[in-house]
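Examining the three-dimensional arrangement
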Amino acid sequence: MFTRRTALMGAALVAAAPFAIRTAGAEEVMDTSAAAKVDLSSLPRRKVKLLRPPFVHEHEQVASTGPSIIEFEMRIVEKELQLDEGAWVQAMTFNGSVPGPMMVVHEGDYVELTLYNAPENMMQHNIDFHSATGALGGGSLTLVNPGEKAVLRWKATRPGTFVYHCAPGGPMIPWHVVSGMSGCIMVLPRDGLKDHEGKPVSYDRVYYIGENDFYIPRDADGAYKRYADAGEGYSDMLEVMNKLIPTHVVFNGRVGALTGEGALQAEQGETVLFVHSQANRDSRPHLIGGHGDLVWETGKFNNPPERDLETWFIRGGSAGAALYTFLQPGVYAYVNHNLIEAVNLGATAHVIVGGEWNNDLMEQVVAPVEYDALHEGRSALP
Ligand SMILES: [Cu+2]
């Protein structure tokens, strides 16, 4: 019987679909079938449906039960996405969104992910969880061809926010990542988050901001090129990628995804946790007009948070978390404070905060008005 798998592995198709067929190297596929079995049958199981970022599925901040097996499902979807006016990418996605959905579990829980590679896809994919231990973060045990699924279970032993991404081997790794294949998981301490003094803190809302850099090729006239599928655009994109100058740096998959209709919402007095991931490149989140009250810049909750930050640093390949209580109403811009990336390349979000203006914190004492240049303002200069 000529199965889909043998078809995909068949030499005849190699030329037609080189990306689906590439045989992973020995280090990329592991056989762990002989390992001793573990018996987790006594653990409770819970199924969680993932949400589209910036939203995060409902979860407890302080775990009310002991360790559990948390079941997630993700479907890999290859599809064209519009990054901006006149700019498209043949994206590779976890669950159809860039970034992929954020998962939340508690330390000591087991993450059990069923990963589906949809049959209409062209390529092999997998998932490397930075929060997991061994087998390339699970990448070696989840390499799935189109039409295949794999189930991976791993124990969340380290609390923090962590990136996950596709890593199917060799040059496919950066290409899949800059085509959108990354997301984030938050492993909360069982007793919740703690401030710098070890006192419990909680959040009223959590938003997941996934930042992605894209490298879209241009034609001779400078217009962005559009391709029939990812494979067709690969060599052109590789040329742009290797120069390390992104054409787009965006939050949640496109310019303007988190502004206008997509703006984040909060109320004065609410505490918001912003989780920010970047799987490939450094970033420097900054909330204009606000701060990071408590910031786990590296995202790892066993380290005390930093306080009162103006800007924090997200190393490429990591996710960080910042907690802020909004004190004033208004529109806050949440940006990558490389302002070229924020304004010209797309990395800007808005947070719309409702409430009453506090003149003690800030007051417009005189609204802009013309002044008498002959008599006023002379004392300003030394
Ligand atoms: Cu992939």
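Structure: above.
The structure contained in this document is the topic of the report that follows. Quantities reported herein were computed from a predicted structural model and do not represent experimental measurements.

1. Brief notes about the pairing of strand β21 (residues 348-354)
Pairing of strand β14 (residues 264-267) with β21, which is carried by four bridges, proceeds in the parallel orientation. Across the sheet, the residue bridging to Glu-267 is Gly-354, located in β21. Pairing analysis gives six bridges linking strand β20 (residues 330-336) to β21, with the strands arranged antiparallel. By the bridge assignment, Ala-333 is partnered in β21 with His-350.

2. Focus: the sheet that holds β14
Sheet strands associate in pairs through backbone hydrogen bonding, adopting either a parallel or an antiparallel arrangement. Spatially, four strands are ordered β14-β21-β20-β16 in an open sheet, and the strand pairing comes out mixed. Edge positions in the sheet fall to β14 and β16 (285-287), since each has one partner strand and no second. Looking at each pair of strands side by side, their axes are set apart by 25° on average, direction ignored. Pairing analysis gives three bridges linking β16 to β20, with the strands arranged antiparallel. Its bridge partner being in β20, His-286 is matched across the sheet by Val-335.

3. Notes on the environment of Arg-158
If you trace the backbone, Arg-158 turns up in the loop between β7 (149-155) and β8 (160-165). Here Arg-158 falls in the partly exposed class, since 15 other C-beta atoms lie within 10 Å of it. Sequence spacing of Arg-158 and Leu-188 is 30 residues, and the spatial spacing of their C-alpha atoms is 8.7 Å. Discounting chain neighbours no more than four positions away, the residues touching Arg-158 are Ser-131 and Val-187.

Definitions and cut-offs
- Residues numbered from 1 in each chain as written.
- Predicted model: local features only at pLDDT ≥ 70, side-chain atom pairs only at ≥ 80, totals over all residues.
- Pairing = 2+ DSSP bridges.
- Helix = DSSP H or I, 4+ residues; strand = E, 2+ residues; numbered from the N terminus.
- Axes fitted to C-alpha atoms, helices over the stretch in contact; angles between N-to-C directions.
- Buried ≥ 20, exposed ≤ 12 C-beta atoms within 10 Å, placed from the backbone.
- Contact = placed C-beta atoms within 7 Å.

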